[in-house]
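# Results of the structural survey
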Amino acid sequence: MRYKSQSVAYWYFAVAMVLFGLQLVFGLLSATKYLGPDPLLNILPFDVTKVIHTNLLIVWVLTGFMGATYWMVPDESRTELHSTKLAYIQLVLWTLMGVTAVIGYLFGYGTGNKLLEQPLPHKIVIVICMLIFLYNIGMTIKKSGRFTTTEGVLLLGLVSSAVLFFPALLHYENYTVSIFYRWWTIHLWVEGVWMMIMGAFLAYLLIRLSGADREVLEKWLYVIVGLVFIAGILGTAHHYYWVGVPYYWLPIGGFFSALEPLAIVGMAIYAYSAMRRSGLAHPNSLALHWTLGSTIFTLFGAGLLGLAHTWPSINKWTHGTLITAMHGHAAFYGAYAMIVLAMITYALPSLTNKRPEQGTTIGYWAFWLQLAGMFGMTLSFATAGIGQVYLERIMGMGYLDAQLKIQIHFVMLISTASIFATGVGLFIYDFFSYRPRFETLDNELMEPAVPADRVV
């Protein structure tokens, strides 16, 4: 750790790990309800456990983004964070918001707007936290006088994420209208500006882990930003197919949804090109596993599986089925969970005492078990979803009757999810196995200066 204020990142990562663990608990609980009978039906019904599961996903990933940013920006700007006090105030507010929101969901206190169920007071706290966060990061960059392209793409993604949250503050009595505008936040986050955030973290990690040329990687970042704006924004239309919008959204959504994986392909290409150009000299090989694993799994989950079912002629059969869950789990894990875990793995040797820089045996087990478990979950969702589409949408079988026919796939899902949960449990155990430290490392190697033409 080069700067003392980077230690703030540890506590954000710690909160993210706790929330990640809770998310898995509610995810497994939701999956077991498909097998029945459900002894918790009147205490924790499926709609409550699913809401908590999906919302914890959003909250812990955003917490990880914040921690990774508080680690990366001082490192890129070569200066201390503007205010550690503000960072800790933000973390306390953010954590309280997340905890009270989950408690509220247990008692049915929410808006009912999928993935944006937070009541208005909680959303106002989210806005306050984001303003504190952006102010702190902006002032850090300003006082340093050093602004790299990687930081620029990260900041663009973070500011855009904050701006795109504003549609979520509005309330619409008409549910169709509410769904329409919900995607202005959710889609433009997860298939738009969050890809910029991922790209910035990916570039940062590859520059440090591979020794690849910064100028080459940052040129690829421009390509990714361009593809996000061209394909990601208009690709929002593939969520409009079946909510009563005019017919012209079908070809627009289909075409630009097909272009969305190009940004992911760009990421995979520049990750591969970085490794080809490097000597793989950095000792933190576990962080490199997570970094490259993120690009490959993103290409699989977000790219291939997303394209497989978002074309209108396919989506009319698969919409709202377990095929959507197949794509969603693989895409979110590869693109966002894995890149957060990569940033955590890279930073931990500097943030904790006596942790081996190359990674621990437990850390490698956590990586491979998570990867195997998520791949198995994806296949389980896929086979269950194909059966569901055929039985319900083609044969006309009722929902509950169809669920009985595909129950075996939920046995497979729970089995593979247990493998994944074991991997996550090992990662969390490994995270907390070493005490945090708060002193800087005087002997840490400094990155060579960035050429003047690459500092903007």
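Residues numbered from 1 in each chain as written. Predicted model: local features only at pLDDT ≥ 70, side-chain atom pairs only at ≥ 80, totals over all residues. Heavy atoms only, no water.

Glancing now at unusual backbone geometry. For the peptide bond that leads from G36 to P37, omega is -10°, which places it in the cis range. Looking at the element boundaries, P37 is found in the loop between α1 (8-32) and α2 (46-77). Backbone geometry at K354 places phi at a positive 65°, although glycine is not the residue there. (Helix = DSSP H or I, 4+ residues; strand = E, 2+ residues; numbered from the N terminus.)

With that out of the way, let us pick up the packing of helix α3 (residues 84-106) against helix α4 (residues 120-144). With their axes 9 Å apart at the nearest point, α3 and α4 run at an angle of 160° to one another. Classed by the angle they form, the pair α3 and α4 counts as roughly antiparallel. For α3 against α4, the interelement crossing comes out left-handed. Counted together, L86, A87, Q90, L93, W94, M97, T100 and A101 of α3 and H122, V125, I126, I128, C129, I132, F133, Y135 and N136 of α4 form the full contact between these two elements. Classifying every residue of the contact of α3 with α4 gives 13 nonpolar, 4 polar and no charged. (Axes fitted to C-alpha atoms, helices over the stretch in contact; angles between N-to-C directions. Parallel < 35°, antiparallel > 145°, perpendicular 65-115°, else oblique. Left-handed = near helix turned anticlockwise from the far one by under 90°. Contact = heavy atoms within 4.5 Å. Nonpolar A, V, L, I, M, F, W, Y, C, P; charged D, E, K, R; others polar.)

So, on to the packing of aromatic side chains. Under the counting rule described, the total for this entry stands at 33 aromatic pairs. Residues F180 and W184 carry aromatic rings whose centres are separated by 6.2 Å and whose planes lie at 55° to one another, so their mutual orientation is tilted. Placement of both F180 and W184 in helix α6 (residues 175-210) is noted, with a separation of 4 residues, approximately one turn of the helix. Judged by relative accessible area, W184 falls into the partly exposed class, the value being 36%. For the ring pair Y241 and W242, a centre distance of 5.5 Å and an interplane angle of 65° mean the geometry is edge-to-face. Exposure remark for W242: the relative accessible area of 39% places this residue in the partly exposed category. In this structure an aromatic cluster arises from ring pairing among F65, F165, W189, W194, F201, F332 and Y336. We note R182 situated over the ring of W183; from NZ or CZ to the ring centre the distance is 4.6 Å. (Phe/Tyr/Trp six-rings, centres within 6.5 Å; stacked < 30°, edge-to-face > 60°. Buried < 20%, exposed > 50% of the residue type's maximum accessible area, 1.4 Å probe, protein only. Lys NZ or Arg CZ within 6 Å of the ring centre and 35° of its normal.)

What follows deals with the environment of L292. Note that L292 resides in helix α10 (residues 285-310). Residues L292 and Y272 lie 20 residues apart in sequence; the distance between their C-alpha atoms is 8.1 Å.

Take the packing of helix α12 (residues 322-351) against helix α13 (residues 361-394) next. Between α12 and α13, the shortest axis-to-axis distance is 7 Å and the interhelical angle comes to 160°. The orientation of α12 relative to α13 falls into the category roughly antiparallel. As α12 packs across α13, the resulting crossing turns out to be left-handed. Along the lines of polarity and charge, the residues of the contact of α12 with α13 split into 17 nonpolar, 5 polar and no charged.

Over its 25 residues, α4 extends 36 Å from the first C-alpha to the last, a length consistent with the 36 Å expected when each residue adds 1.5 Å. After α4 finishes, the residue G145 shows a positive phi value of roughly 70°. (Expected span 1.5 Å × (residues − 1).)

Let us look at the nonpolar core. Counting residues in each nonpolar core, the largest one holds 146 residues, and the members touching the most others are W60, F65, W194 and Y336. Tallying contributions element by element places α6 first for this core, with 22 residues. Excluding residues within four positions of it along the chain, Y336 makes contact with V61, F65, W189, V190, E191, W194, M195, M198 and A331. (Core = buried A, V, L, I, M, F, W, Y, C linked by side-chain atoms within 4.5 Å.)

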